[in-house]
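Residue-level structure breakdown
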Amino acid sequence: MELVSGVDLHFITSKKFKTNRIKMRFSAPMSTDTIAGRVLVASMLETANEVYPTSQIFRERLATLYGANFSTGLSRRGLIHYVDLNISFVSDAFLSRKNTLTGEILDFLKDSLLRPLVNGGAFNQAVFEIEKKNVLNDLKTEIEDHFYHAHQELNKLFYTEKEMQTSRLATPDLVDKETPESSFAIFQKMLQNDKIDIFFMGDFNEIEVCEYMKTFGLQPRQLSLQLHYHQEFSNILKESLEQKDAHQSIVELGYHFSTQYGDKTHIPLIVLNGLLGGFAHSKLFVNVREKEGLAYTISSSIDIFSGMMRIYAGIDRKNRTKTVSLIYRQIADLKKGHFTDEALNQTKKMLRNAMLLSLDRQNTLIEQAYMSSVLQKTFMPIAVWLNALEAISREDIIVAATQLRLQAIYFMEGK
């Protein structure tokens, strides 16, 4: 339901949950010019506003709304960066007075967006400096996580575009440059230019909500967003070795693939990842970790929106060559169809169960609605996805595997 051009309302009616959820998503092109400002905006919005000017008053107000929860989130898909505002609260059906809480929640959301904590044309300096320090501390903690660091280093090797190399959380250098003025200016751009999707999950009076949302005064906008990122495969293998004061070493491999969402090899690629490193019965876990004892942890994942399959393992540094060689062999086996029918069927069963279980989570249903609106005709509803999963054959896996080509290797050498 279009509120104005570029601002859409999505109603997902359900009475199976005791809580209602509102998610307001700001989408914009991933850019190193705006990423740090957007991260700080998210931090400011969930801390205070002009009506509730301290963190304590802000949280006390939420407590009076029957313990409503307000948070922000940062994520990305392909070349799109998202800032999400999330509010969950008790459904009106469980309260004695009808429709009162929804109105107060919408008031709270409106105050958070339209009455931010500002002085002139800048965020409140004192609060901003505290939030900036918190963001920098959080980033420092993330970077000190060796697997986070290794993931980022592989991204830098694998991707050719700077935006794809940058974390959804920005970098300390970028955050450090932000000021109350620059971040507030980015917030204004978000309100004016970002694609906005507002999801209402649960039991809502759609007509009343639509009328209320008009009072936000959001203006029409037109924005070009690129969900899929594609880069050509390079015959040059990119490698990097880094020494760290860590108890274990980490090896990460980035494989290039050309499949995009909705392609014929999309679902086979998901099954292939399950066979390779997604579950406890997968080849990497059984052959590299269990049989050979080469890895403390090992797994694989695919990003269908950016064309990378990542394999990572925590190992002893002396086992680097042997581990990488054995990983190569697991990929080669998939390309040759060397896996059992039992493993294939078990993988499909576990993927099916994981999908069905996820439908009990409100966020999953919201993401489904979002993807449906963005992808439109290429979107696969759950029933279509499950039918496609059941139909996957050995030959489908082989075809999907043949497109995997090693593009980058990162090795973090520990003690």
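The name given to the protein in an unreviewed UniProt entry is Peptidase M16 inactive domain protein, with Streptococcus anginosus subsp. whileyi CCUG 39159 as the source organism.

It is worth spelling out the sheet that holds strand 1 (residues 2-4) at this point. A sheet is described by the order of its strands in space; here six strands give the open sequence 1-2-8-3-5-4, paired in mixed fashion. Taken across any chain shown, the strands that pair with only one partner, and hence form the sheet edges, are strand 1 and strand 4 (69-77). The sheet shows a mean angle of 20° between the axes of neighbouring strands, taken without regard to direction. Sheet topology note: the strand 2 (residues 7-13)/strand 8 (residues 195-202) ladder contains seven bridges and is parallel. Bridged to His10 within strand 8 is Phe199. Relative to strand 5 (residues 80-90), helix 3 (residues 100-114) is tilted by about 145°, and along the sheet it contacts strand 3 (19-29), strand 4, strand 5 and strand 8. Across the face of the sheet, helix 14 (residues 362-375) comes into contact with strand 2, strand 3, strand 4, strand 5 and strand 8 while running at roughly 40° to strand 3.

According to UniProt, the feature "domain: Peptidase M16 C-terminal" (unreviewed entry) maps to residues 180-351 in the numbering used here. In residues 180-351, helix accounts for 42% and strand for 23%; the two terminal C-alpha atoms are 46 Å from one another.

All right, on to the packing of helix 1 (residues 35-45) against helix 4 (residues 125-144) then. Between helix 1 and helix 4, whose axes approach to 10 Å, the crossing angle comes to 115°. Like other packed secondary-structure pairs, helix 1 and helix 4 cross with a definite hand, here right-handed. For the pair helix 1 and helix 4, contact is made by Val39, Leu40, Ser43 and Met44 and by Val127, Phe128, Glu131, Lys132 and Val135, respectively. Residues of the contact of helix 1 with helix 4, tallied by class, amount to six nonpolar, one polar and two charged.

Let's shift gears to the pattern of salt bridges. The full count for this structure, using the stated rule, is 18 salt bridges. The partner of Glu367 in a salt bridge is Arg25, with the nearest N and O atoms 2.6 Å apart. Of the two residues, Glu367 is situated in helix 14 and Arg25 in strand 3; the sequence distance between them amounts to 342 residues. On the basis of relative accessibility, which here comes to 2%, the residue Arg25 falls in the buried class. Note that Glu390 is salt-bridged to Arg352, the shortest N-O span being 3.9 Å. Of the two residues, Glu390 is situated in helix 15 (residues 382-390) and Arg352 in helix 13 (residues 341-358); the sequence distance between them amounts to 38 residues. For Glu390, a relative accessible area of 43% gives the class partly exposed. Residue Arg352 is classed as partly exposed on the basis of its relative accessible area of 31%. One salt-bridge network, held together by shared partners, links Lys23, Arg25, Arg77, Asp84 and Glu367.

Criteria and cut-off values
Residue positions are given per chain, counted from 1 along the sequence in the order it is written. Restriction of local features to residues with pLDDT of at least 70 applies here, the model being predicted, together with a cutoff of 80 or more for giving and counting side-chain atom pairs; totals for whole chains, interfaces and linings are based on all residues. Excluding hydrogens and water, the side-chain values take into account all heavy atoms of the structure. What makes two strands pair is DSSP finding at least two bridges between them. Under the scheme used here, helices are H or I runs from DSSP no shorter than 4 residues and strands are E runs no shorter than 2 residues, and both carry numbers assigned from the N terminus. Only the stretch in contact is used when fitting a helix axis, every axis being a line fitted to C-alpha atoms; angles between N-to-C directions are given from 0 to 180 degrees. We call two residues in contact whenever any of their non-hydrogen atoms come within 4.5 Å of each other. UniProt positions are given in the numbering used here, feature names are shortened, and annotations may be inferred rather than shown by experiment. It is the rotation of the near helix from the far one that decides the hand of a crossing: anticlockwise by less than a right angle makes it left-handed, clockwise makes it right-handed. Any residue that is not Ala, Val, Leu, Ile, Met, Phe, Trp, Tyr, Cys, Pro, Asp, Glu, Lys or Arg is counted as polar, Gly included; the first ten are nonpolar and the last four charged. The term salt bridge refers to a side-chain nitrogen of Lys or Arg lying within 4 Å of a carboxyl oxygen of Asp or Glu. Burial here depends on accessible area, computed with a 1.4 Å probe over protein chains only, as a share of the maximum for the residue type. Under 20% is buried, over 50% is exposed, and the range in between is partly exposed.

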